[in-house]
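Chain and residue survey
The residues making up each chain are set out below.
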Amino acid sequence: MEHDDEVRAAAAGYLGVDAAAIALTGSTTMGLGLVYHGLALRPGDHVLTTTHDFYSTHEALRLAAARAGAEVEQVALYDDPAAASADEVTGRLAAAIRPATRVVALTWVHSSTGVKLPVRAIADAVAAANAGRADADRAILVLDAVHGLGADAAQPGDLGCDVFVSGTHKWLFGPRGTGLVWAAAGAGVAVAPTIPSFTAPSFVNWFSGDDQPSPFGVGNTPGGYQAFEHRWAATEAFAFHQAIGPDRVAARTQELATRLKDGLADVGGVRLVTPRDPGLSAGLVCVEVARGDPSELVRQLRDARIVASLTPYRETYVRFGTSIVTTPDQVDAAVEAVDELTR
Ligand SMILES: Cc1ncc(COP(=O)(O)O)c(C=O)c1O
């Protein structure tokens, strides 16, 4: 699978990791499902996640824990996203880690609120909790990174997570049906493949009766004939970001998000939900509508050729995204339109 290797090499260059540790998937959701089902959870194990994560994490954990007899706990890392602080978030997470915690399942940038987690500080807290534990009892930190990849330049090594799961079809602008899972060496061995890989040595073992172990990346890349044209085109998405520079992409995304937040903060009809602090936010910007139906605002904005969405969570906000294909004029037009439509 020469073209698979090209995608892995492009992703590895972008993420600053070993290409052999990258599995290619069809989406974030597929990656989360494969990782959580691949972990050998035991009865009584504790899986820690948060109320802020998306359905894909919650449902993958529910299914995996039900099979293993493990317990899943959701904690809130902040009450008011706009007032969230790194210390509060890290402190609440650290306080919820138990001796039986085997997995800490988090999302880098919450699509529920736009909050970007202080992942490095959280990883340090998980490492402190792991001090003195036997390998089989360690808690691993798994990150749904989909709203950070291509919007924030931090790499898995900077973040300190054990497993990094993402689609490459959102902020990275890869085709639909593409994604990846990277696992650090220690965590990778704990994830057993679920779907037969079509790549050597898995396929060759079957053919020859051999028993060669697969590297994490190959072993966890689902086989079957995939949408290869889409998968292999992801190489170009990484190259596009590399040509601009991930730091410049992140700076521009932040600059536009800050411009949008500054503008929306002055609009009387909405309340800014996403933190103003660029250290605690990326390109997602959420607001709460003071009066009326938020879905009506989304519809009216669309009529004005401004694309916003409703967050797909029980607590619903109006959500915008400022990527590098957004212009400052478009940001200003969005602020003006929200002002007019919420008076
Ligand atoms: C945090 C988060 N994770 C995962 C997903 C799903 O991503 P994918 O389509 O790559 O499975 C979404 C939204 O679609 C999301 O907001």
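Residues numbered from 1 in each chain as written. Predicted model: local features only at pLDDT ≥ 70, side-chain atom pairs only at ≥ 80, totals over all residues. Heavy atoms only, no water.

Side note on the overall build of the protein
- A tally of regular secondary structure across the protein gives 13 helices and 11 strands.
- Compactness check: the protein gives a C-alpha radius of gyration of 21 Å against a globular reference of 20 Å for 343 residues, within 12% of the reference.
- Dimensions of the protein, computed from the C-alpha atoms along their principal axes, are close to 70 × 45 × 30 Å.
- A burial count over the protein gives 53% of its 343 residues as buried.
- The long-range fraction of contacts in the protein, counting pairs at least 24 apart against all pairs at least 6 apart in sequence, stands at 70%.
- Of the accessible surface of the protein, which amounts to about 14,800 Å², a share of 54% is contributed by carbon and sulfur atoms. (Helix = DSSP H or I, 4+ residues; strand = E, 2+ residues; numbered from the N terminus. Rg over C-alpha atoms; globule rule 2.2 N^0.38 Å. Buried < 20%, exposed > 50% of the residue type's maximum accessible area, 1.4 Å probe, protein only. Contact = heavy atoms within 4.5 Å. Areas by Shrake-Rupley, 256 points an atom, 1.4 Å probe, with all protein chains shown as cover.)

Here's the deal with helix α12 (residues 294-303)
- Of all the positions in α12, only Leu-297, Val-298 and Leu-301 are classed as buried. One side of α12 holds all its buried residues, which, seen down the axis, span an arc of 100°.
- Buried positions along α12 lie against β9 (284-289), β10 (309-310), β11 (318-321) and α13 (328-341).
- Looking one or two residues past α12, Arg-305 carries a phi angle of roughly 65°, positive in sign. (Arc of directions from axis to C-beta.)

So, the domain arrangement of the protein
- One can read the domain layout of the protein as domain 1 (2-244) and domain 2 (246-341).
- Domain 1 and domain 2 are separated by 27 Å when their C-alpha centres are compared.
- Counting residues at the interface gives 30 residues for domain 1, matched by 30 residues for domain 2.
- Summed over both sides, the interface between domain 1 and domain 2 buries roughly 2,200 Å², with carbon and sulfur atoms accounting for 66% of that surface.
- Counting across the domain 1 and domain 2 interface gives one salt bridge.
- Here Arg-271 and Asp-80 are joined by a salt bridge, their closest N and O atoms 3.5 Å apart.
- Our enumeration of links across domain 1 and domain 2 arrives at eight residue pairs in polar contact (both at pLDDT 80 or more).
- Among the elements that take part in the side of domain 1 that touches domain 2, helix α10 (residues 228-244) stands out by supplying four residues, more than any other. (Domains from an automatic or database assignment. Buried area = accessible area lost by both parts, 1.4 Å probe. Salt bridge = Lys/Arg side-chain N within 4 Å of Asp/Glu carboxyl O. Polar contact = N/O pair within 3.5 Å; in protein donor to acceptor, adjacent residues only side chain to side chain.)

Digging into the pairing of strand β7 (residues 179-183)
- Within β7, five of the five residues are buried, which leaves the element mostly enclosed by the surrounding structure.
- When strand β1 (residues 22-25) meets β7, the two strands line up antiparallel, connected through four bridges. Looking at β7, one finds that Ala-23 is bridged to Val-181.
- As judged from the five bridges shared by strand β6 (residues 163-167) and β7, these two strands associate in the antiparallel manner. Across the sheet, residue Val-163 finds its bridge partner in β7, namely Ala-183. (Pairing = 2+ DSSP bridges.)

Looking at the layout of surface pockets
- Reported here for the largest pocket is a volume of approximately 1,000 Å³.
- Forming the walls of the largest pocket are 36 residues, and the residues nearest its centre are Trp-171, Leu-284, Val-307, Phe-320 and Gly-321.
- If you list the elements that add at least two residues to the lining of the largest pocket, you get α2 (28-38), β11 and α13.
- Here the lining of the largest pocket gets four residues from one element, more than from any other, and that element is α13.
- Residue composition of the lining of the largest pocket, grouped by class: 17 nonpolar, 14 polar and five charged.
- Per-domain counts for the lining of the largest pocket show at least three residues from each of domain 1 (2-244) and domain 2 (246-341).
- Approximately 470 Å³ is the volume attributed to the second largest pocket.
- As for the second largest pocket, its lining consists of 17 residues, and the residues nearest its centre are Thr-51, His-52, Tyr-313, Arg-314 and Glu-315.
- Taken together, domain 1 (2-244) and domain 2 (246-341) each give at least three residues to the lining of the second largest pocket, which thus spans both. (1 Å grid on protein atoms, 1.4 Å probe; cavity = no way out; pocket = protein on both sides within 12 Å on 5 of 7 lines; lining within 4 Å. Points joined across faces, edges and corners; volume = space filled by probe spheres on them. Nonpolar A, V, L, I, M, F, W, Y, C, P; charged D, E, K, R; others polar.)

A few points about unusual backbone geometry
- Following Ala-200, the chain continues into Pro-201 via a peptide bond in cis, with omega recorded as 5°.
- By the secondary structure assignment, Pro-201 is in the loop between α7 (185-188) and α8 (202-208).
- Of note, the phi angle at Phe-173 is positive, near 70°, even though the residue is not glycine.
- Within the secondary structure layout, Phe-173 lies in the loop between β6 and β7.
- Phi at Arg-305 takes a positive value of approximately 65°, unusual for a residue other than glycine.

Here we look at the site of the ligand
- In the region of the ligand, the neighbouring residues are Ser-27, Thr-28, Thr-29, Phe-54, Thr-107, Ser-111, Asp-144, Val-146, His-147, His-169 and Lys-170.
- The separation between an oxygen atom of the ligand and a polar side-chain atom of Thr-28 is 2.6 Å.
- The contact in question runs from an oxygen atom of the ligand to an N or O atom on the side chain of Thr-29, over 2.5 Å.
- Contact with the protein chains hides 84% of the accessible area of the ligand, taken as 390 Å² for the molecule alone.
- Structurally, the ligand is housed in the largest pocket. (Near = heavy atom within 4 Å. Sits in = over half its atoms within 2 Å of the grid points.)

A short note on the side chain of Thr-107
- Tracing the backbone shows Thr-107 in strand β4 (residues 101-107).
- Residue classification places Thr-107 among the buried residues on the basis of a relative accessible area of 4%.
- One polar contact links Thr-107 to Asp-53, side chain to side chain, over a distance of 2.6 Å.
- When residues no more than four places from it in sequence are discounted, the contact partners of Thr-107 are Asp-53, Thr-57, Leu-117, Leu-143 and Asp-144.

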